[in-house]
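Next come the chains, spelled out residue by residue.
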2 protein chains.
Amino acid sequence: MKAGFYQFGPVFGDTGANLDKALNALSSEEYDLIVLPELFTTGYQFTSEEEVSYLSEKVPDGPTTASLARLSVEKGCYIVYGIAEKDGEQIFNSAVICGPDGYMGTYRKTHLFFEETLWFSPGNSGFKVWDTEIGRIGIMVCFDWFYPESARILSIMGAEVIAHPSNLVLPYCPDGMPMRCLENSVYAITANRTGTEDRHEDKKALTFIGSSQITGTKGEIIHRASGTNDEIHFEELDLELARSKDFNQYNNIMKDRRPDLYGKLTDDLNDDNS
Amino acid sequence: MKAGFYQFGPVFGDTGANLDKALNALSSEEYDLIVLPELFTTGYQFTSEEEVSYLSEKVPDGPTTASLARLSVEKGCYIVYGIAEKDGEQIFNSAVICGPDGYMGTYRKTHLFFEETLWFSPGNSGFKVWDTEIGRIGIMVCFDWFYPESARILSIMGAEVIAHPSNLVLPYCPDGMPMRCLENSVYAITANRTGTEDRHEDKKALTFIGSSQITGTKGEIIHRASGTNDEIHFEELDLELARSKDFNQYNNIMKDRRPDLYGKLTDDLNDDNS
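What you see as residue numbers is a count from 1 along each chain, following the sequence as written. In the order they appear in the text, chains get letters beginning with A and ligands get numbers beginning with 1. Residues qualify for local features only when their pLDDT is at least 70, as the model is predicted, and side-chain atom pairs are given and counted only at 80 or more; totals for whole chains, interfaces and linings, by contrast, use all residues. Remark: hydrogens and water are excluded; side-chain values derive from all non-hydrogen atoms of the structure.

K.L.:
I would appreciate a short explanation of the interface of chain A and chain B in the present structure.
P.N.:
Size of an interface, as often reported, equals the accessible area lost when the parts are brought together. We call two residues contacting when some pair of their heavy atoms lies within 4.5 Å. On the chain B side, the residues contacting the 59 residues of chain A number 57 residues. Once two parts are brought into contact, the accessible area they lose, counted with a 1.4 Å probe and summed over both, makes up the buried area. Interface of chain A and chain B: buried area, both sides summed, is about 5300 Å²; carbon and sulfur atoms make up 64% of it. The largest share of the area that chain A buries against chain B comes from Phe146(A), Tyr250(A) and Leu265(A), three residues that together contribute 12% of it. By salt bridge we mean one thing: a side-chain nitrogen of Lys or Arg within 4 Å of a carboxyl oxygen of Asp or Glu. If you look at where chain A meets chain B, you find 6 salt bridges. In this structure, the salt-bridge partner of Arg180(A) is Glu183(B), at a minimum N-O distance of 2.6 Å.

K.L.:
What is the right way to read unusual backbone geometry from this model?
P.N.:
Trans is the prevailing form of peptide bonds, just as negative phi is the prevailing case for residues other than glycine. Residues and elements named next belong to chain A. Residue Val59 is joined to Pro60 through a cis peptide bond whose omega torsion reads 5 degrees. Each helix corresponds to a stretch of at least 4 residues labelled H or I by DSSP, and each strand to a stretch of at least 2 residues labelled E; elements are numbered beginning at the N terminus. Among the structural elements, Pro60 can be located in the loop between helix H2 (49–55) and helix H3 (63–75). Positive phi is not limited to glycine here, since Leu39 has a value of about 45 degrees. On the secondary structure map, Leu39 appears in the loop between strand S2 (33–35) and H2.

K.L.:
What exactly am I supposed to notice about the relation of the copies chain A and chain B here?
P.N.:
Both copies of the chain are placed relative to one another by a rotation about an axis and a shift along it. Each copy is superposed on the other by least squares, with the fit set by C-alpha atoms of residues at a pLDDT of at least 70 in both. Note on the copies: chain A fits chain B at an RMSD of 0.0 Å, the axial shift is 0.0 Å, and the rotation between them is 180 degrees. What the rotation and shift describe, once combined, is the action of a two-fold rotation axis. Considering only C-alpha atoms, the residue of chain A closest to the rotation axis is Pro148(A), which sits at 3.2 Å. Looking at the interface residues of chain A, 97% of them are also at the interface in chain B, so both copies use one shared face.

K.L.:
So what exactly am I meant to see when it comes to the side chain of Glu115(B) here?
P.N.:
Structurally, Glu115(B) can be placed in the loop between strand S5 (102–108) and helix H4 (116–119). Burial status follows relative accessibility: with a 1.4 Å probe on protein chains alone, a residue under 20% of its type maximum counts as buried, one over 50% as exposed, and anything between as partly exposed. Residue classification places Glu115(B) among the buried residues on the basis of a relative accessible area of 9%. Setting aside its immediate chain neighbours within four residues, Glu115(B) contacts Tyr250(A), His200(B) and Lys203(B).

K.L.:
How should the packing of helix H5 (residues 148–156) of chain B against helix H6 (residues 173–184) of chain B be read in this particular structure?
P.N.:
For any two helices packed against each other, one specifies the crossing angle of their axes together with the interaxial distance. All names here are of chain B. Helix axes use the C-alpha atoms of the stretch in contact, all axes being lines fitted to C-alpha atoms, and the angles between their N-to-C directions lie in the range 0 to 180 degrees. Relative to each other, H5 and H6 sit at 35 degrees, their axes nearing to 10 Å. For the pair H5 and H6, the crossing hand works out as right-handed. Between H5 and H6, the residues in contact are Pro148, Ala151, Arg152 and Ser155 and Arg180, Glu183 and Asn184, respectively. Residues are grouped as follows: nonpolar covers Ala, Val, Leu, Ile, Met, Phe, Trp, Tyr, Cys and Pro; charged covers Asp, Glu, Lys and Arg; every other residue, Gly included, is treated as polar. Taken together, the residues of the contact of H5 with H6 break down into 2 nonpolar, 2 polar and 3 charged. By convention, the crossing between two helices is left-handed when the near helix turns anticlockwise from the far helix through less than a right angle, and right-handed when the turn is clockwise.

K.L.:
I tried to follow the sheet that holds strand S7 (residues 135–139) of chain A on my own but got confused; where do I start?
P.N.:
What holds strands together in a sheet is hydrogen bonding between their backbones, with the strands either parallel or antiparallel. Residue and element names in this part refer to chain A. Pairing between strands is defined by DSSP: at least two bridges between the two strands are required. Read across the open sheet, the 6 strands follow the order S6-S7-S8-S9-S12-S13; overall the sheet is mixed. Sheet topology places strand S6 (129–132) and strand S13 (221–224) at the edges, where each strand pairs with a single neighbour. On average, each strand axis in the sheet is tilted by 15 degrees relative to the strand beside it, whichever way the strands run. Bridging between strand S12 (residues 213–215) and S13 involves 3 bridges; their strand directions are antiparallel. When the sheet's bridge partners are listed, Ile214 is paired in S13 with His223.

K.L.:
Just checking my understanding: could you explain the pattern of salt bridges for this structure?
P.N.:
Oppositely charged side chains may form a pair once their charged atoms are brought near each other. Taken as a whole and assessed by the stated rule, the structure comprises 38 salt bridges over all chains. Taking the shortest distance from any N to any O, the salt bridge between Asp267(A) and Lys264(A) comes out at 3.8 Å. Given a relative accessible area of 30%, Asp267(A) falls into the partly exposed group. Exposure remark for Lys264(A): the relative accessible area of 33% places this residue in the partly exposed category. Linking Lys109(B) and Glu38(B) is a salt bridge whose minimum nitrogen-to-oxygen distance equals 2.9 Å. Residue Lys109(B) is located in the loop between S5 and H4, and its partner Glu38(B) is located in the loop between strand S2 (33–35) and helix H2 (49–55); the two are separated by 71 residues in the primary sequence.

K.L.:
I keep staring at the pairing of strand S5 (residues 102–108) of chain A and nothing clicks. Help me out?
P.N.:
Residues in a regular strand project their side chains so that they alternate between the two faces of the sheet. All names here are of chain A. Judged by how many residues are buried, S5 sits mostly within the fold: 5 of 7 residues are covered. The pairing of strand S4 (residues 90–99) with S5 spans 6 bridges and is antiparallel. Paired with Ile97 across the two strands is Gly105, which belongs to S5. The hairpin formed by S4 and S5 contains 2 residues between the paired strands.

K.L.:
It is not clear to me how the sheet that holds strand S6 (residues 129–132) of chain B should be interpreted in this structure. Could you clarify?
P.N.:
All names here are of chain B. The sheet built from 6 strands is open, its strands ordered S6-S7-S8-S9-S12-S13 with mixed pairing. Bordering the open sheet on either side are S6 and strand S13 (221–224), each of which pairs with just one other strand. Recorded for the sheet is a direction-independent mean angle of 15 degrees between the axes of neighbouring strands. Sheet topology places strand S7 (residues 135–139) next to strand S8 (residues 161–165); 3 bridges connect them, and they run parallel. Pairing of Ile139 across the sheet is with Ala163, part of S8. Taken strand by strand, H6 contacts S8, strand S9 (187–191), strand S12 (213–215) and S13, and its axis lies near 20 degrees from that of S12.

K.L.:
Please clarify how the side chain of Glu57(B) should be interpreted in this entry.
P.N.:
Residues and elements named next belong to chain B. Within the secondary structure, Glu57 sits in the loop between H2 and helix H3 (63–75). Only four residue types enter the charge count: Lys and Arg as positive, Asp and Glu as negative, with His and the chain ends excluded. One buried charged residue, Glu57, remains without a salt bridge, the closest side chain of opposite sign being Lys86 at 10 Å. A polar side-chain atom of Glu57 sits 2.6 Å from a polar atom in the side chain of Thr64. Ignoring sequence-local partners within four residues, the contact set of Glu57 consists of Thr41, Gly62, Pro63, Thr64, Thr65, Ile83, Ala84, Glu85 and Lys86. Between N or O atoms, a polar contact is any pair within 3.5 Å; within protein, one atom must be a potential hydrogen donor and the other a potential acceptor, and residues adjacent in sequence are included only when both atoms are from side chains.

K.L.:
Sorry if this is basic, but what is going on with the packing of aromatic side chains here?
P.N.:
To describe a pair of aromatic rings, one takes the distance between the centres and the angle between the planes. Aromatic rings from Phe, Tyr and Trp, with only the six-membered ring used for Trp, were paired whenever their centres fell within 6.5 Å, and each pair was classed as stacked if the ring planes differed by under 30 degrees, edge-to-face if by over 60, and tilted otherwise. Within the structure shown, the criterion is met by 34 aromatic pairs over all chains. For the pair Tyr6(A) and Phe8(A), a centre-to-centre distance of 4.8 Å together with 10 degrees between the ring planes defines the contact as stacked. In this structure Phe8(A) comes out as buried when scored by relative accessible area, which is 0%. Aromatic side chains Phe40(B) and Tyr81(B) sit 5.8 Å apart centroid to centroid with 80 degrees between the ring planes, which places their arrangement in the edge-to-face category. Here Phe40(B) is found in the loop between S2 and H2, whereas its partner Tyr81(B) is found in strand S3 (residues 78–87), with 41 residues between them in sequence. You'll find Phe40(B) and Tyr81(B) in the same group, each marked buried. An aromatic cluster of at least three residues, connected via ring pairs, comprises Phe113(A), Phe114(A), Phe143(A), Trp145(A), Phe146(A), Tyr147(A), Tyr172(A), Phe247(B) and Tyr250(B). Any Lys NZ or Arg CZ that is within 6 Å of a ring centre and within 35 degrees of that ring's normal is treated as a charge sitting over the ring. Positioned above the aromatic ring of Phe92(A), the side-chain terminus of Arg108(A) is 3.9 Å from the ring centre. The ring centre of Phe208(A) lies 4.0 Å from the NZ or CZ of Arg193(A), which sits over that ring.

See the structure below:
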C-alpha cells in the first residue's frame, strides 16, 4: 500500500483556510492512506475554553469531516486527521478516519499532553483498529506514543500500520518511534506540523518540530521530513512484514508475551503511586 | 548511590574460573551496587539438557550464591548476577540479588530468547522489586528489555534502578534502553558479556556485543562500555530523579496512565493472535 503524510503549518483559528490548504494538497496526489497532523484545522495553543468551544466541531456532522469524507470517497482512499471534536458539553482531542465509504470512526486521545488537559476531556474511546481492504489501521495521537501501552494495544488488536497525527514540540518522538515499531513489528506514520504559536503574553511560544516520519517494522526510519517545510510524502509499505510477529525460529513477539505475569499493567495505582 | 557493572567474557563451562574472576574484580572496588552478566558462571551456548543440568546450581544453596552472598555481606553492598538455577527437575535462567544481609531473592527470566527456550523453563517468579537502604532495585534479564511490559511493570512497582544482566548478541539493546528509561523515568544498568561461543558444528557462532551501559532517567546514555574488552565501571546515580514521575506541571507519566483502557495488555491472545 502507498501511504504517507501531509506536513504543514496550520494558522491558528483559521479553520477554513487550513482545511482548504489540506484539501488542495490531498486532492492532487494518488495514495491509499494519508495522515494529517493533530488538530490540523484549529491550531494548537488555545487560550480559553470559549475559544476551544468555538473552534471545535461535531464529528461526523461538522464541515471538516464532511469535506474529507467526500474526498476519501471520490479518491477511494483512507484519510486520518486530528480534530477538536465537540460532543455535547465535552470537547475531545480526536482523530478521525474516513475511507472509500466515507466516515468510518473516531479515536479520542487517551494521553493528553500539557495544557491540553485544560481544554480537552480525557479520551473515552479506547484504542481502535479498523480492518480495511488495504490493511489494518490503528490510530494514536501525538503524546500517546510516549506511553508504550498505546502502540502495544493497537498491535495486540492487529494493527499493521499506526496512523499518528501529532503536534510535537518535544524532541523525543522521531528517535523514539523506531523502538515502538521494532517492539511491535508494526509500521507507523507520524504526521507532525511545523511553525510556531505564541498566543500567550505570559507563556513561552511553542515551536513544532516537523520531522514527520514513516517508521518500519524493524525500527528503521524509512523517511523523515524536514523540521520546517511543508511536505507531502508517500512510501510503499509491505504490510505482510507487520503481519508476522515471528522474531526468529523460536520467538514470536506477540505469542511470547506473558499476560499471566502482566497484571500490574492494569492495576489502578493512581491513589498510591507518584 | 555508586552503581555499575562488570563486563567480561566467561569461558563456557568453567564455572569455578568464571566465579573466581568475578570475585577478584568485585573485591577490589568500592560501590553500592554492581551488576554481572546473565549466566556469568556457565556461559551461554548449551548443547544438551544434560549439559545445562550439570552446570546449573541451586539458589541460594549453590556455590556461586554462597560466594557472592559472602562478598556482599563483607563489603556491605548489593550484587545482582545471572545464573542457571536448578530447582528440582526445572532449570531457570535466573538473576539473583545479594546484599549486606546476604541472599535476598531470585528473579526468573520471563521472556526467554532463541534456544534458551530449549534449555530453560519460562520464568514463573514474575517481576520483583527490592526496597533497600540504597534505593528500590528491580531486575530484568537480557531479552526481557525488548518487551515494554518488563521495565514498565518494574517501574509501576517502584523500581528506581533496573539491574539488567545480559548476554546480548543482537544490536538493538544499547540504543533501545534510552526509550525504556525515558518512558519510565528510571535508571538501568545493562551488564553484558563479551566474547564468542561456537559450540555447535552445525550452527553459527554467537558473538556477544559487550557495550554494557548505564542509562539515565531522561534516556541519556551515561556510560557505554566497549564491545570487546573487560571493564568494571561505576557512576554516581541520583535516585531522586527516578522517584518523581512528573514530566511537566501537567503530566505525571505514571499517574497519567489509563489502566481503565489497558485491558488488552493482559488478555491471553495466544490462541488467536499470531
